Amino acid sequence: MNGTNRYVTLKIDGAIVHAMAGTSVLDTALSYGICIPHLCHMKDLMPAGLCRLCIVEHVKNGKSKVTASCTLEVEEGMVILAHTEKILKARKNIAEMLVAEAPNSRAIQDIAVRCGVKNVRYPFRNKACVLCGRCVRACGEIWRSKSLGFVGRGSERRVALPLNERPEYCKKCNACIDLCPMTITPCPGPMKKGEEYLCGLCESQLSMAKDIEDTCVSCRLGDGFDCVRKRS
Ligand code: SF4
Ligand code: SF4
């Protein structure tokens, strides 16, 4: 039996699950309805480990290590804790920072609700891109186009077209727009430069967090990877 069709057994939050070797812990959890919040990950794209929302504790030899579950492959006998107090706190903080980066993204607000964020302590930055890389990977891996790429470093990092123009080899598939969390259910509320704040709708959504914690909020970022909790 080779590694591609070998199944392994592991535990996620105490549940015994099975997955084909080579599968990520995140995809395995999602396929069993264990929702680990995530942003940059999509099932058919190479894992990038960029957003860090999908962090889990990997317990091995009595020690636990916090790691992104999208880049962590399943192993026989593995023990994964996806919802410990430590993880929930760290994940909530990451989600809160994401809302501050892009308060006008309803997709990100949905994730924040899922992570229990009720208010945002960081200054709003109203960014147009959270550097999740979904567009870049979809363009290169699904459409084999490579019309998009990351340029710059640190705070200068951004997604760019070659020479800032749509190249001839762009397939005009629109995947880069359809998969972008900034365009999925965009916030209809006011968000002018210098006037960044959450509109009433989003604020009330966040304040509901305590009532729906650990419940699927139909974030739509499950589209494309068969999240079993996804509503139709
Ligand atoms: S529309 Fe063009 S740039 Fe966007 S994903 Fe498709 S091929 Fe890439
Ligand atoms: S443009 Fe959208 S999909 Fe692309 S990296 Fe930025 S937030 Fe992600």
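Predicted, not measured: the structure shown is a model, and the values here were computed from it.

A. Inspection of the environment of Gln109 at higher detail. One can find Gln109 in helix 3 (residues 106-114). Expressed as a C-alpha distance, the spacing of Gln109 and Glu96, which sit 13 residues apart in the sequence, is 8.9 Å.

B. Broad picture of the sheet that holds strand 3 (residues 55-60). Across the sheet, 5 strands lie side by side as 2-1-5-3-4; this open sheet has mixed pairing. Lying at the two open borders of the sheet, with one neighbouring strand each, are strand 2 (15-20) and strand 4 (63-68). Pairwise comparison of adjacent strand axes, ignoring direction, gives a mean angle of 35 degrees for this sheet. Relative to strand 2, strand 1 (residues 7-12) runs antiparallel, the two being bridged by 6 bridges. Looking at strand 2, one finds that Ile12 is bridged to Ala15. Packing of helix 2 (residues 85-101) onto the sheet brings it into contact with strand 3, strand 4 and strand 5 (79-81), and relative to strand 3 it is tilted by some 150 degrees.

C. Spatial organisation of unusual backbone geometry. Phi at Leu163 takes a positive value of approximately 55 degrees, unusual for a residue other than glycine. Within the secondary structure, Leu163 sits in the loop between strand 7 (158-160) and helix 5 (175-178). One non-glycine residue, Lys172, lies in positive phi territory at about 55 degrees.

D. Main features of helix 2. Compared with the 24 Å implied by 1.5 Å per residue over 17 residues, the 24 Å span of helix 2 between its first and last C-alpha is a close match. Buried-residue contacts for helix 2 involve strand 3, strand 4, strand 5 and helix 3.

E. Quick look at the pairing of strand 4. Sheet topology places strand 3 next to strand 4; 6 bridges connect them, and they run antiparallel. Counted as the bridge partner of His58 is Lys65 from strand 4. The loop that links strand 3 with its antiparallel partner strand 4 comprises 2 residues; one of these, Asn61, has a positive phi angle of about 50 degrees.

Conventions we followed
All residue numbers here refer to positions counted from 1 along the written sequence of the relevant chain. Each chain takes a letter, starting from A, and each ligand takes a number, starting from 1, following the order in which they are written. Local features in a predicted model are, by the rule used here, given only for residues with pLDDT of at least 70; side-chain atom pairs are given and counted only at 80 or more, and totals for whole chains, interfaces and linings are based on all residues. Side-chain measures were taken over the full set of non-hydrogen atoms in the model, leaving aside hydrogen atoms and water. Helix and strand assignments come from DSSP, with helices taken as H or I runs of at least 4 residues and strands as E runs of at least 2, each series counted from the N terminus. When DSSP locates at least two bridges between a pair of strands, those strands are taken to pair. Geometry is summarised by axes, namely lines fitted to C-alpha atoms with helices restricted to the contacting stretch, and by angles between N-to-C directions that run from 0 to 180 degrees. Contacts between residues were defined by any pair of non-hydrogen atoms, one from each residue, lying within 4.5 Å. Under the convention used throughout, the expected extent of a helix is 1.5 Å for every residue step, that is, one less than its residue count.

Distances and angles like these do not, on their own, reveal function.
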